[in-house]
Amino acid sequence: MNSFAAFMTKEFYHILRDRRSAMILFGMPIIQLLLFGYAIRNEIQTVRIAIIDQSHDRITEAITDKLLSSGHFVLVDTFSSDDAIEEGFKSGEITEAIVFEAGFGRRFVREQETSVQIITDGSNPNLARIVLSYTTAVFMDYRASLLQGDEEGKGIAAETLMLFNPELKSVYLFVPGLITLILMLVSALMTSISITREKETGTMEVLLVSSLRPYQIIIGKVVPYLMLSFINVVTVLIIARFVFGVPCRGSVTLLLLESLLFILTALSLGIFISTITSSQQVAMMISLGGLLLPTVMLSGFIFPVSSMPLPLQIISTLIPARWFLVIVRGIMLKGTSIVYFWQETLVLASMTLALGILSIRKFSIRLT
């Protein structure tokens, strides 16, 4: 028993003195708890709405005031025609549009029954359902305050329209997100492991003393994964279209070019990880732990970024997947052009350039 106790004590000491093991044992649970606790939110903090009021009467103004005073809705604009609604959704300016029919208040007073059209962005079905539930709750509450339960079956009927995804198919939400997740993990993970493998096997020293320059070594490592990842993009898009029925309403060429840019960003990130690590195991831990959870939780893949606390929203700006997800959803589901997401494209290009420069500089240090 003394030997067994000594052996257990040695194991505890070995684990606790290893900073990486201690970080995994104690740091990761805390990080995951905080991340999941703050990022997983079913409630929506801010719903950006636009209103088309064709009636302009006392009741429509009262309903608008009730919506805005509920604490969830922010009035972005008041459109004069239906044509501006789709543009507002494509640009991401609004989350919901509410259309009051002509004579709304007069009909409600006379017949105790009328209708309103509620239009939401169906490209994110989860968000659309929550926003719709908030809106209908306000209308039902206003109807109850006026009728006081005397007129059952009457009131304000909501005619809902889910733009870009009328049937609210969940696959429309997950396929663009999975494209982003697959490209990020495959490109970054495989590149980081490839270069750290050279370090572990000792062949990196051979490359460093060769006539190849640092940027040539990096480009030589990147190009094969760039081509293979691009083939992955084409394959995933074909499966999404013909197996899951997810449309590509925008330019396929533009989508492929944006995907190529995102692949370059992910590859640059993988190279940077490889320059700060010395083993495949560490590179894999950083790639999986440092990229998988943030990409799923903080990119807007499942949970809207706008509902997260401000510190997590700031952190999410450093995640390339957040910007690419806006692009791929816009092109595939909304049919938008680069006019609507040039800022996201510029962010990805800047990240790629910055990570590439950092990687080459750190790689050059090994030559001196």
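Presented here is a report on the structure given in the accompanying data block.

Conventions we followed
Residues numbered from 1 in each chain as written. Predicted model: local features only at pLDDT ≥ 70, side-chain atom pairs only at ≥ 80, totals over all residues. Heavy atoms only, no water. Axes fitted to C-alpha atoms, helices over the stretch in contact; angles between N-to-C directions. Helix = DSSP H or I, 4+ residues; strand = E, 2+ residues; numbered from the N terminus. Parallel < 35°, antiparallel > 145°, perpendicular 65-115°, else oblique. Left-handed = near helix turned anticlockwise from the far one by under 90°. Contact = heavy atoms within 4.5 Å. Nonpolar A, V, L, I, M, F, W, Y, C, P; charged D, E, K, R; others polar. Phe/Tyr/Trp six-rings, centres within 6.5 Å; stacked < 30°, edge-to-face > 60°. Buried < 20%, exposed > 50% of the residue type's maximum accessible area, 1.4 Å probe, protein only. Lys NZ or Arg CZ within 6 Å of the ring centre and 35° of its normal. Patch = residues over 30% accessible without salt bridge, like charges linked within 9 Å, V, L, I, M, F, W, Y side chains within 5 Å. Areas by Shrake-Rupley, 256 points an atom, 1.4 Å probe, with all protein chains shown as cover. Salt bridge = Lys/Arg side-chain N within 4 Å of Asp/Glu carboxyl O. Expected span 1.5 Å × (residues − 1).

## Thoughts on the packing of helix 7 (residues 171-201) against helix 13 (residues 320-334)
Logical step 1: At a closest axis distance of 9 Å, the pairing of helix 7 and helix 13 adopts a crossing angle of 135 degrees. Taken together, the axis directions place helix 7 and helix 13 in an arrangement best described as oblique. Viewed along their axes, helix 7 and helix 13 form a crossing whose handedness is right-handed. Where helix 7 approaches helix 13, its residues Y172, L173, P176, G177, I179, T180, L183 and M184 are matched on the opposing element by P320, A321, F324, L325, V328, R329, M332 and L333.
Logical step 2: Across the contact of helix 7 with helix 13, the residue classes tally to 13 nonpolar, 2 polar and 1 charged.

## As for the packing of aromatic side chains
Logical step 1: Evaluated as defined, the whole model comprises 4 aromatic pairs.
Logical step 2: Between F100 and F104, the ring centres sit 5.1 Å apart and the planes meet at 80 degrees, which makes this aromatic pair edge-to-face.
Logical step 3: We classify F100 as buried; its relative accessible area is 0%.
Logical step 4: When the ring of F174 is compared with that of F301, the centres are 6.1 Å apart and the planes differ by 85 degrees; the resulting orientation is edge-to-face. Of this pair, F174 sits in helix 7 while F301 sits in the loop between helix 11 (280-298) and helix 12 (310-316), and the two are 127 residues apart along the sequence.
Logical step 5: Of the residues examined, F174 reaches a relative accessible area of 34% and is grouped as partly exposed.
Logical step 6: Given a relative accessible area of 5%, F301 falls into the buried group.
Logical step 7: Grouping aromatic residues by their ring pairs yields a cluster made of F100, F104 and F139.
Logical step 8: In this arrangement the basic side chain of R241 is found over the ring face of F242, its NZ or CZ atom lying 5.8 Å from the centre.

## A short note on unusual backbone geometry
Logical step 1: In the Ramachandran plot, H56 falls in the positive-phi region, its phi being about 50 degrees despite a non-glycine side chain.
Logical step 2: By secondary structure assignment, the location of H56 is in the loop between strand 1 (47-53) and helix 3 (58-69).
Logical step 3: Its identity as a non-glycine residue notwithstanding, F164 has a phi of 75 degrees, on the positive side.
Logical step 4: Its place among the elements puts F164 in the loop between strand 5 (155-163) and helix 7.

## Some thoughts on a nonpolar patch on the surface
Logical step 1: On the surface, a cluster of nonpolar side chains totalling about 590 Å² of accessible area is made up of V234, I238, I239, F242, V243 and F244.
Logical step 2: Of the residues examined, F242 reaches a relative accessible area of 68% and is grouped as exposed.

## Description of helix 13
Logical step 1: Its 15 residues place the ends of helix 13 21 Å apart at the C-alpha level, agreeing with the 21 Å of an ideal helix rising 1.5 Å per residue.
Logical step 2: The element helix 13 is largely enclosed, with a buried count of 14 among its 15 residues.

## Things to note about the pattern of salt bridges
Logical step 1: Applying the stated rule across the entire model yields 4 salt bridges.
Logical step 2: Close ionic contact of E86 with K90 constitutes a salt bridge, the shortest N to O distance being 3.6 Å. Taken together, the positions of E86 and K90, both in helix 4 (residues 83-90) and 4 residues apart, correspond to about one turn of that helix.
Logical step 3: Classification of K90 by relative accessible area gives buried; the value is 19%.
Logical step 4: In this structure, the salt-bridge partner of D121 is K334, at a minimum N-O distance of 3.0 Å. Of this pair, D121 sits in strand 4 (residues 113-121) while K334 is found in helix 13, placing the two residues 213 residues apart along the sequence.

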